[in-house]
Amino acid sequence: MKLSMQGAAPTRRLWNRPTWLLNHLAGSGRRVLGDQVGPAFERNKYGILAALADGGAASQSALSSRTGQDRGDLVAMLDKLEAEGLVTRTPDPSDRRNKRVEMTKLGFSELKRLDKLVAEAQDILLAPLTQDERAEFLRLMKSLLIHHENYQDPG
């Protein structure tokens, strides 16, 4: 379902406010992902699996930093992922008070499945844009996140 009524138009003032546009575009992105991946899609699940695949096993604290997730929310999602057999948690050898999180073979399989569906969702969301426009759009969003959230470009 779209956030607004079919054919509805925002006021000129709203149509020219990046914050309003970004808010509605984020809603469109969530809707497209949900439609493509299914109602059970959980972006935090995808974020955790992607962070583990990209950066390897990590402490829960490091994983919280990699994903930008609140530690409490992260632990709740890790509980679910562990119950599904997608990750394991073991005492961290460098500090046994911490847990080290690793992705299982099943987790890699699930990430591969999700990667395909998420890529299809990206194509649906960005369908009106050319490849050059998509690259520029990504560059601009990354620039804003680096400025406002102090993100580091992973290269």
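The structure reproduced in this document is the subject of the present report. Model, not experiment: these values are computed from the prediction.

### Comments concerning the environment of Tyr46
- For Tyr46, the location among the structural elements is in helix H3 (residues 43-55).
- Note: C-alpha distance between Tyr46 and Arg66 (20 residues apart in sequence) is 13 Å.
- Leave out the neighbours within four places in its chain, and Tyr46 touches Phe41, Leu111, Leu114, Asp115 and Val118.
- There is a polar contact of 2.5 Å between the side chain of Tyr46 and the side chain of Asp115.

### Concerning the side chain of Gln69
- Position of Gln69 among the secondary structure elements: in the loop between helix H4 (60-67) and helix H5 (71-83).
- Only 3.3 Å separates the side chain of Gln69 from the backbone oxygen of Asn44, close enough to count as a polar contact.
- Ignoring any residue separated from it by four or fewer positions in sequence, one finds Gln69 in contact with Asn44, Ile48, Ser64 and Leu74.

### Brief notes about the environment of Asp54
- Residue placement: Asp54 occurs in helix H3.
- Taking the relative accessible area as the measure of exposure, Asp54 reaches 71% and is therefore exposed.
- Considering only alpha carbons, one finds Asp54 and Arg66, twelve residues apart in sequence, at a separation of 9.9 Å.

### Focus on H3
- In a regular helix each residue adds 1.5 Å, so 13 residues correspond to 18 Å; H3 covers 18 Å between its end C-alpha atoms and thus fits that length.
- For H3, the secondary structure elements touched by its buried residues are strand E1 (58-59), H4, H5, strand E2 (87-92), strand E3 (95-103) and helix H6 (105-125).
- One or two positions beyond H3, positive phi appears at Gly56, with a value near 80 degrees.

### Observations concerning the nonpolar core
- Counting residues in each nonpolar core, the largest one holds 24 residues, and the members touching the most others are Ile48, Leu63 and Leu78.
- Elements represented by at least two residues in this core include exactly helix H2 (18-37), H3, H5, E3 and H6.
- Among the elements that make up this core, the one with the highest residue count is H3 (six residues).
- Setting aside residues no more than four positions away along its own chain, Ile48 makes contact with Leu63, Thr67, Gln69, Leu74, Met77, Leu78 and Leu81.

### Structural notes on the pairing of E2
- Examined bridge by bridge, E2 and E3 share six bridges and lie antiparallel to one another. Along E3, the bridge assignment pairs Thr88 with Glu102.

### Observations concerning H2
- Across its 20 residues, H2 extends 28 Å between first and last C-alpha, which sits within 8% of the 28 Å expected from 1.5 Å per residue.
- All of the buried residues in H2 are Gly27, Gly29, Val32, Leu33 and Val37.
- The secondary structure elements touched by the buried residues of H2 are H6.
- Trailing H2 by a residue or two, Gly38 shows a phi angle of about 120 degrees, which is positive.

Calculation notes
- Residues numbered from 1 in each chain as written.
- Predicted model: local features only at pLDDT ≥ 70, side-chain atom pairs only at ≥ 80, totals over all residues.
- Heavy atoms only, no water.
- Helix = DSSP H or I, 4+ residues; strand = E, 2+ residues; numbered from the N terminus.
- Contact = heavy atoms within 4.5 Å.
- Polar contact = N/O pair within 3.5 Å; in protein donor to acceptor, adjacent residues only side chain to side chain.
- Buried < 20%, exposed > 50% of the residue type's maximum accessible area, 1.4 Å probe, protein only.
- Expected span 1.5 Å × (residues − 1).
- Core = buried A, V, L, I, M, F, W, Y, C linked by side-chain atoms within 4.5 Å.
- Pairing = 2+ DSSP bridges.

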